[in-house]
Amino acid sequence: MAFVTRQFIRSLSSSAALHAAIKHVTIIGGGLMGAGIAQVAASTGHSVVLVDTSEDILKKSAKGIESSLKRVAKKKFAEKPEDGEAFIQKILKNISTSTDAASVVQGTDLVVEAIVENLKVKQDLFGALDKAAPEHTIFASNTSSLPIADIASSTARLDRFGGLHFFNPVPMMKLVEVIKAPGTSQQTFDSLLEFSKALGKHPVSCKDTPGFIVNRLLVPYMLEAVRLHERGHGSKEDIDVAMKLGAGYPMGPFELLDYVGLDTSKFIIDGWHEKDPDNPLFAPSPLLNKLVAEGKLGKKTGEGFYKHK
Ligand SMILES: CCCCCCCC(=O)CC(=O)SCCNC(=O)CCNC(=O)[C@H](O)C(C)(C)COP(=O)(O)OP(=O)(O)OC[C@H]1O[C@@H](n2cnc3c(N)ncnc32)[C@H](O)[C@@H]1OP(=O)(O)O
Ligand SMILES: NC(=O)C1=CN([C@@H]2O[C@H](COP(=O)(O)OP(=O)(O)OC[C@H]3O[C@@H](n4cnc5c(N)ncnc54)[C@H](O)[C@@H]3O)[C@@H](O)[C@H]2O)C=CC1
């Protein structure tokens with residue numbers, strides 16, 4: 001009995017220590033998602049290192065974070081703009097940047113990866129980070145569509161590896177899917193749930209199944225919208241208006257595809273099609289492939305299904 005009690009207290013205190021430990025976060029990938037995750041983590045008092053492959057990309061990420069914070073501050077401090085500026089500067093002070101992931105993970109409690117949606121590239125990154133990061137560091141991927149277990153297999157810390165799937169735009173979207181892979185320990189999963197709550201998000205628990213919850217439903221819907229248009233059964237404008245006014249969605253499927261990025265959408269579809277070639281839900285779209293081949297990747301490049309200013 002005394003043993004059970006001592007063990008129980010020990011497990012409570014070590015789990016409390018782990019929760020308290022998620023203070024220093026390294027975000028790898030400063031694109032749409034990584035910049036948003038960095039913004040939210042810094043805004044909730046975490047110290048953040050944002051990593052990408054070049055200083056130029058990191059400068060663009062920092063600019064994006066600053067303009068997103070300006071939108072938040074404008075609303076929050078409408079009466080006192082000078083307080084808004086101090087609010088922005090305080091948050092920006094919590095973020096530093098680096099192009100050398102291996103050197104910065106040495107002081108981190110949690111790594112959140114938000115790089116390109118490619119299994120091999122993610123495995124190579126985590127394989128290298130596994131050697132550089134301390135024992136206690138938890139690894140998490142923001143993958144939209146890849147199995148967490150496959151990404152984690154490049155490391156020797158399967159118990160300290162899980163999924164943290166955020167939604168775009170991260171500062172606005174309340175949901176985080178927390179994914180427990182077969183190897184993820186309960187303690188790691190609890191820490192990821194706690195971390196999501198500390199960010200002010202609403203976590204849901206997911207199994208490590210294709211697309212988790214949201215994308216398993218969203219991807220077939222968005223692809224079917226593109227196919228409907230490809231069959232000549234509706235203009236993209238009409239389909240978008242129909243889903244906004246008829247189904248209450250904030251964006252139509254073509255607007256959302258442009259917002260997510262057509263390259264990322266194609267990576268997801270191609271990956272699922274390769275694994276399940278006979279499934280008509282994941283059949284590739286000639287129109288989407290054409291736009292990606294032309295470098296029209298959506299909002300981030302100024303043109304996708306639509307032109308963006
Ligand atoms: C086929 C393959 C497909 C694969 C897909 C996989 C991708 C994934 O893995 C998972 C995903 O993320 S899926 C995408 C999920 N996101 C959505 O569905 C977004 C839908 N859109 C919206 O919710 C609103 O249009 C939205 C919130 C974006 C904007 O709202 P509005 O339309 O009303 O426009 P605004 O008037 O500009 O904004 C409303 C308020 O939000 C503030 N805001 C917007 N963006 C912001 C940002 N980035 N940072 C800070 N604040 C931001 C804006 O200030 C405004 O506030 P108010 O002034 O109070 O109105
Ligand atoms: N776009 C979206 O709406 C969502 C995307 N995701 C997922 O998040 C991840 C990132 O997506 P986005 O931010 O949209 O992509 P993005 O293309 O906007 O950004 C990816 C960033 O990662 C950087 N990068 C690539 N390889 C790297 C490496 N080895 N080391 C460091 N940085 C590297 C790139 O330079 C780029 O800045 C993907 O796994 C995607 O599936 C998840 C939720 C929503």
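Residues numbered from 1 in each chain as written. Chains lettered and ligands numbered in written order. Predicted model: local features only at pLDDT ≥ 70, side-chain atom pairs only at ≥ 80, totals over all residues. Heavy atoms only, no water.

**A word on the UniProt feature "domain: 3-hydroxyacyl-CoA dehydrogenase C-terminal" (unreviewed entry) in the protein**
Keep this limit in mind: UniProt positions are given in the numbering used here, feature names are shortened, and annotations may be inferred rather than shown by experiment. A run of H or I in DSSP becomes a helix once it reaches four residues, and a run of E becomes a strand once it reaches two; helices and strands are each numbered from the N terminus.
When the UniProt feature table is mapped onto this chain numbering, "domain: 3-hydroxyacyl-CoA dehydrogenase C-terminal" (unreviewed entry) sits at residues 211–307. Its end C-alpha atoms 28 Å apart, residues 211–307 is made of 61% helix and 0% strand.

**So, the site of ligand 1**
The cut-off we apply is this: The nearness test applies per residue and asks whether one of its heavy atoms lies within 4 Å of the molecule or strand. Pairs of N or O atoms within 3.5 Å make up the polar contacts considered here, provided that, within protein, one atom can donate a hydrogen while the other can accept it, and that residues adjacent in sequence are counted only when both atoms are side-chain atoms. Think of it as three bins: nonpolar holds Ala, Val, Leu, Ile, Met, Phe, Trp, Tyr, Cys and Pro, charged holds Asp, Glu, Lys and Arg, and polar takes everything else, Gly as well. Each domain's extent is set by a domain assignment, obtained either automatically or from a database.
If you check the shell around ligand 1, you find 25 residues, and the closest are Ser68, Lys75, Ser144, His165 and Asn168. Serine 144 is positioned such that a nitrogen or oxygen atom in its side chain is 2.8 Å from an oxygen atom of ligand 1. Elements represented by at least two residues in the shell around ligand 1 include exactly α3 (55–76), α9 (214–230), α11 (253–260) and α12 (262–275). Here the residues of the shell around ligand 1 are counted per class, giving 17 nonpolar, six polar and two charged. Looking at which domains feed residues into the shell around ligand 1, each of domain 1 (2–207) and domain 2 (215–301) gives three or more.

**What about helix α8 (residues 186–198)?**
Note the following rule: Multiplying 1.5 Å by the residue count of a helix minus one yields the expected span of that helix. Here the term buried applies to any residue with accessible area under 20% of the maximum for its type, exposed to any over 50%, and partly exposed to those in between, with areas from a 1.4 Å probe on protein chains only.
For α8, with 13 residues, the first-to-last C-alpha span of 18 Å sits near the 18 Å given by 1.5 Å per residue. The complete set of buried residues in α8 reads Thr188, Phe189, Ser191, Leu192, Leu193, Phe195 and Ser196. Once α8 finishes, glycine 200 follows within two positions and takes phi at roughly 85°, a positive value.

**A few points about helix α13 (residues 286–293)**
The line we're drawing: It is the directions from the helix axis to the C-beta atoms whose arc is reported. Contacts were defined at the residue level, with two residues in contact if any of their heavy atoms lie within 4.5 Å.
Of all the positions in α13, only Leu288, Leu291 and Val292 are classed as buried. All buried residues of α13 project into a common sector of 100° when viewed along the axis, lining one side. The exposed set on the far side of α13, more than 90 degrees from its buried face, consists of Pro286 and Ala293. Looking at the buried positions of α13, the neighbouring elements they touch are α9 and α12. After α13 finishes, the residue glycine 295 shows a positive phi value of roughly 75°.

**Thoughts on the layout of surface pockets**
Where we set the bar: In this analysis the probe radius is 1.4 Å and the grid spacing 1 Å, with only protein atoms considered; a cavity is a set of points the probe fits into but cannot get out of, a pocket is an open set with protein on both sides within 12 Å along at least five of seven lines, and lining residues have an atom within 4 Å of a point. Grid points are joined across faces, edges and corners, and a volume is the space filled by probe spheres set on the points.
By volume, the second largest pocket is sized at about 430 Å³. Lining of the second largest pocket is provided by 22 residues; of these, Ser145, Leu146, Gly271, Trp272 and Lys275 occupy positions nearest its centre. The element that contributes the greatest number of residues to the lining of the second largest pocket is α12, accounting for seven residues. Lining the lining of the second largest pocket are residues from two domains, each supplying at least three of them: domain 1 (2–207) and domain 2 (215–301).

**Section: the pairing of strand β1 (residues 24–28)**
The following threshold applies: Any two strands between which DSSP finds at least two bridges are classified as paired. When the strands point away from the viewer and the connection leading from the first strand across the helix to the second strand turns clockwise, the crossover is called right-handed.
Within β1, four of the five residues are buried, which leaves the element mostly enclosed by the surrounding structure. Two elements, β1 and strand β2 (residues 47–51), share five bridges in a ladder whose sense is parallel. Among the inter-strand pairings, isoleucine 27 is bridged to a residue of β2, identified as leucine 50. Each parallel crossover has a hand, and for β1 linked through helix α2 (residues 32–43) to β2 it is right-handed.

**Concerning the packing of α12 against α13**
As a reminder of what qualifies: To obtain each axis, a line is fitted to C-alpha atoms, and for helices this fit is confined to the stretch in contact; angles are then taken between N-to-C directions over 0 to 180 degrees. We call two directions roughly parallel when the angle between them is under 35 degrees, roughly antiparallel when it is over 145, roughly perpendicular when it lies between 65 and 115, and oblique otherwise. Definitions for this section: a left-handed crossing has its near helix turned counterclockwise from the far helix by less than a right angle. A right-handed crossing has that turn clockwise.
Between α12 and α13, whose axes approach to 10 Å, the crossing angle comes to 130°. By the angle class used here, α12 and α13 are oblique. In this structure, α12 crosses over α13, and the sense of that crossing is left-handed. For the pair α12 and α13, contact is made by Leu262, Asp263, Lys266 and Ile269 and by Leu288, Asn289, Leu291 and Val292, respectively. Considering only residue class, the contact of α12 with α13 consists of five nonpolar, one polar and two charged.

**Quick word on the site of ligand 2**
Here is the rule: The accessible surface values rely on the Shrake-Rupley method and a 1.4 Å probe; as for residues, cover is taken only from the protein chains in view.
Close to ligand 2 lie 21 residues; Met33, Asp52, Glu117, Lys122 and Ser144 are nearest. Take methionine 33: an N or O atom from its main chain is 2.8 Å from an oxygen atom of ligand 2. Contact between ligand 2 and lysine 122: an oxygen atom at 2.8 Å from a side-chain N or O atom of the residue. If ligand 2 stood free it would expose 840 Å²; the protein chains cover 84% of that surface. Of the residues that constitute the shell around ligand 2, the class distribution is eight nonpolar, nine polar and four charged. Of the domains in this structure, domain 1 (2–207) and domain 2 (215–301) are the two that each give at least three residues to the shell around ligand 2.

**Side note on the sheet that holds β2**
Strand order across the open sheet formed by eight strands is β3-β2-β1-β4-β5-β6-β7-β8, with mixed pairing between neighbours. In this open sheet, the two strands that pair with only one neighbour each are β3 (95–98) and β8 (202–207). Ignoring which end each strand starts from, the neighbouring axes of this sheet average 25° apart. Here strand β7 (residues 175–180) runs beside β8; their pairing, made up of six bridges, is parallel. Residue pairing for β8: valine 176 is matched across the bridge by proline 203. The strands that α3 touches are β2 and β3; relative to β2, the one it contacts most, it runs at about 135°.

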